[in-house]
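Structural features, examined
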Amino acid sequence: MTYDVIVIGAGTSGGMIARALMQYKLKTAIIEKTSDAGGGTSKANSGIVHGGYNAKPGSLKALMNVRGNTMMDQVAEELDVSFDRCGSLVVAFDDDDIKVIQSLYDRGKQNGVKGLRLIDAAVLRSMEPNISENAAGALLCESAGVINPYELAVGAVENAAQNGADVFFDTEVTAVDAADDMIRVTTTKGVYQTKYLVNAAGVYGGIVSAMYGEPVSITPRKGEYLLYDNAVSDVVSRTIFQTPSKMGKGILVTPTVEGNLLLGPTSEDIDDAEDFATTQNGMKTVIEMAKKSVPTLTLTGVITSFAGLRAVSPTEDFIIRASEANPHIIDVIGIESPGLSSSPAIAEFAVELLKEAGLTCEPNPEFNPKIKKRLRFSRCTDEERLEAIKQDPRNGHIVCRCETVTEGEIVDAIHRPAGATTIDGVKHRTRAGAGRCHGGFCGPTVMHILSRELNIPMEQIKKTDEGSWIVTGKTKSE
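The sections below set out a description of the structure shown in this document. (Residues numbered from 1 in each chain as written. Predicted model: local features only at pLDDT ≥ 70, side-chain atom pairs only at ≥ 80, totals over all residues. Heavy atoms only, no water.)

1. Digging into the pairing of strand S15 (residues 252-255)
Put simply, the test is: The cut-offs for exposure are 20% and 50% of the maximum accessible area for each residue type, with area from a 1.4 Å probe on protein chains only; residues under the lower value are buried, those over the upper are exposed, and the others partly exposed. A run of H or I in DSSP counts as a helix once it spans at least four residues, and a run of E counts as a strand once it spans at least two, with each numbered from the N terminus. Think of it this way: DSSP has to see at least two bridges between two strands before they count as a pair.
Taking every second residue as pointing to the same face, both faces of S15 are buried, with Leu252 and Thr254 on one and Val253 and Pro255 on the other. Summarising the sheet, S15 and strand S16 (residues 261-264) pair through four bridges and their orientation is antiparallel. Bridge assignment links Thr254 to a residue of S16, and that residue is Leu262.

Have a look at this one:
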């Protein structure tokens with residue numbers, strides 16, 4: 001099959017790029033190694049929309065972050081993504097930290113960040129009563145916020161598919177032949193041809209770039225997190241950072257848009273791009289360092305720990321450029337933090353690079369930037385719930401009691417464009433299984449619904465990627 005553009009990677013950046021391409025009359029495909037959108041870096045991060053004060057002025061990180069931040073309200077509305085501009089604070093604890101937040105303020109002003117203000121300890125404590133008594137002041141960024149990273153990645157890919165893009169999950173790229181005008185992409189599911197290619201493969205971006213003769217060393221940087229039950233949601237009302245270091249923005253304490261509390265991440269450069277294991281030492285580091293900001297924190301209320309990987313480039317900046325190996329290939333690699341915040345701007349920039357490389361972009365008058373609004377039964381009023389049940393009686397069946405998710409919501413998630421096919425796919429779209437019991441009660445019912453709606457046996461239902469089957473067979477005959 002031949003395409004105008006193939007995007008490798010269905011993370012937030014890849015999904016946003018594919019969505020942006022669908023504004024034009026282009027035959028576009030997304031090829032993704034994992035079973036779902038956002039299956040790599042995008043599924044395990046802090047969910048922060050950064051203001052843009054941390055990046056070096058003039059860097060791609062600074063330019064993309066500030067632009068992406070300003071675009072996020074519209075993007076979130078179009079893709080029905082939960083987003084809250086709650087603001088962020090970088091807390092200083094001594095005179096050296098005060099100098100750091102002053103430099104961040106100056107850098108943010110240079111980058112064009114809105115809503116920046118230096119505040120003293122008294123103002124800080126009036127805003128965040130649980131902050132440490134040792135806090136000496138903070139940098140307030142009112143334009144920062146929190147977002148649901150799953151919804152952003154899934155929404156972008158869904159919107160691309162809704163507008164005609166082909167999406168291939170569970171499809172790993174094994175070779176790229178870019179020697180001729182037509183680029184051949186060999187995968188585990190077949191061979192595809194394309195006139196233009198976008199490498200947005202996350203931690204595998206360097207491996208893919210080596211396939212077309214442009215090896216880039218991408219280092220996976222592992223970060224571990226702790227997630228609390230939503231009963232602990234009132235500890236802080238804004239994202240609380242400590243002063244940043246060379247390895248990142250330090251351990252944060254932040255509310256999430258779903259009402260949980262999140263701590264993390266640690267920061268460790270590793271070799272294995274599939275190492276998502278959590279460790280006892282990681283949990284200990286997270287809680288001890290987080291208590292520097294909020295001393296009242298304990299492990300009580302933690303419902304899970306998880307780890308994510310960031311794709312770090314040798315330059316410590318984003319790599320977004322036309323490939324030296326073939327100008328019809330656009331590298332979008334090394335997209336670590338603030339990649340989530342930057343993703344709408346990264347997509348915009350990548351499309352401009354494709355145009356400069358010769359891609360003909362005729363506007364598509366039928367492009368629809370909006371996806372169908374999701375029912376969020378847990379957020380509905382009693383009247384809205386009654387109407388939802390009237391529209392679809394399956395909404396009267398609560399499948400996930402922790403998060404109040406209905407059968408109707410799960411069925412809808414399965415049948416949307418590029419819809420859910422796995423247990424985690426359902427969880428990321430509906431939050432069924434995201435509560436304190438982790439699917440202990442609703443998991444089997446979700447499996448039955450997936451089996452019924454996809455018309456496949458229970459033995460083929462996976463938690464996430466290949467090899468993660470839940471059951472292997474029946475113990476009794478019917």
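Now that the structure has been shown, we can carry on.
2. Looking at the sheet that holds strand S8 (residues 145-147)
Strands pair in a sheet through their backbones, by hydrogen bonds, and they do so in one of two ways: parallel or antiparallel. Spatially, three strands are ordered S3-S8-S4 in an open sheet, and the strand pairing comes out antiparallel. Each edge of the open sheet carries a strand with a single partner, namely strand S3 (48-49) and strand S4 (83-84). Judged from the two bridges that link them, S3 and S8 form a sheet pairing that is antiparallel. Its bridge partner being in S8, Ile48 is matched across the sheet by Val146.

3. Some points on the nonpolar core
Stated formally: Residues grouped as a nonpolar core are buried Ala, Val, Leu, Ile, Met, Phe, Trp, Tyr and Cys residues, joined through side-chain atoms within 4.5 Å. The contact rule is simple, with two residues in contact once any of their heavy atoms fall within 4.5 Å.
Core analysis: the largest hydrophobic core is formed by 50 residues, its most contacted members being Ile17, Leu21, Leu152, Val198, Ile320 and Val332. Taken together, the elements giving at least two residues each to this core come down to strand S1 (2-8), helix H1 (12-21), helix H2 (60-78), helix H5 (149-162), strand S12 (190-199), strand S20 (329-333) and helix H8 (339-356). Top contributing element to this core by residue count: H8, with eight residues. Ignoring anything within four residues of it in the chain, the contact list for Leu152 reads Thr12, Met16, Met72, Val75, Leu79, Val81, Ile147, Leu340 and Ser343. Within the second largest apolar cluster, 25 residues are counted, among which are Ile131, Ala138, Ile240 and Val294.

4. Describing the packing of H1 against H5
Quick note on the threshold: Axes here mean lines fitted to C-alpha atoms, for a helix over just the part in contact, with angles spanning 0 to 180 degrees between N-to-C directions. Geometric relationships in this document are graded by angle, where less than 35 degrees denotes roughly parallel, more than 145 denotes roughly antiparallel, 65 to 115 denotes roughly perpendicular, and other angles denote oblique. For a crossing to be left-handed, the near helix must be turned anticlockwise from the far one by less than a right angle; the clockwise case is right-handed. In this classification, Asp, Glu, Lys and Arg are treated as charged, Ala, Val, Leu, Ile, Met, Phe, Trp, Tyr, Cys and Pro as nonpolar, and every other residue, Gly included, as polar.
Closest axis-to-axis distance for the H1/H5 pair is 8 Å, and the angle between their directions is 30°. Classified by the angle between their axes, H1 and H5 sit roughly parallel to one another. The chirality of how H1 crosses H5 is left-handed. Here H1 contributes Thr12, Gly15, Met16, Ala18 and Arg19 to the contact with H5, which in turn contributes Pro149, Leu152, Ala153, Ala156, Val157, Asn159 and Ala160. Partitioning the contact of H1 with H5 into residue classes produces eight nonpolar, three polar and one charged.

5. Quick word on the side chain of Arg19
Note the following rule: Polar contact criterion, stated in full: a pair of N or O atoms within 3.5 Å, where within protein one must be able to donate a hydrogen and the other to accept it, and residues adjacent in sequence count only if both atoms are side-chain atoms.
If you trace the backbone, Arg19 turns up in helix H1. On the basis of relative accessible area, Arg19 is assigned to the buried category, the value being 9%. At 2.6 Å, the side chain of Arg19 and the side chain of Glu78 are in polar contact. Those residues in contact with Arg19 that lie beyond four places of it in its chain are Val75, Glu78, Leu79, Ala156, Asn159, Ala160, Phe367 and Pro369.

Everything listed here is a matter of coordinates, which is why it stays silent on function.
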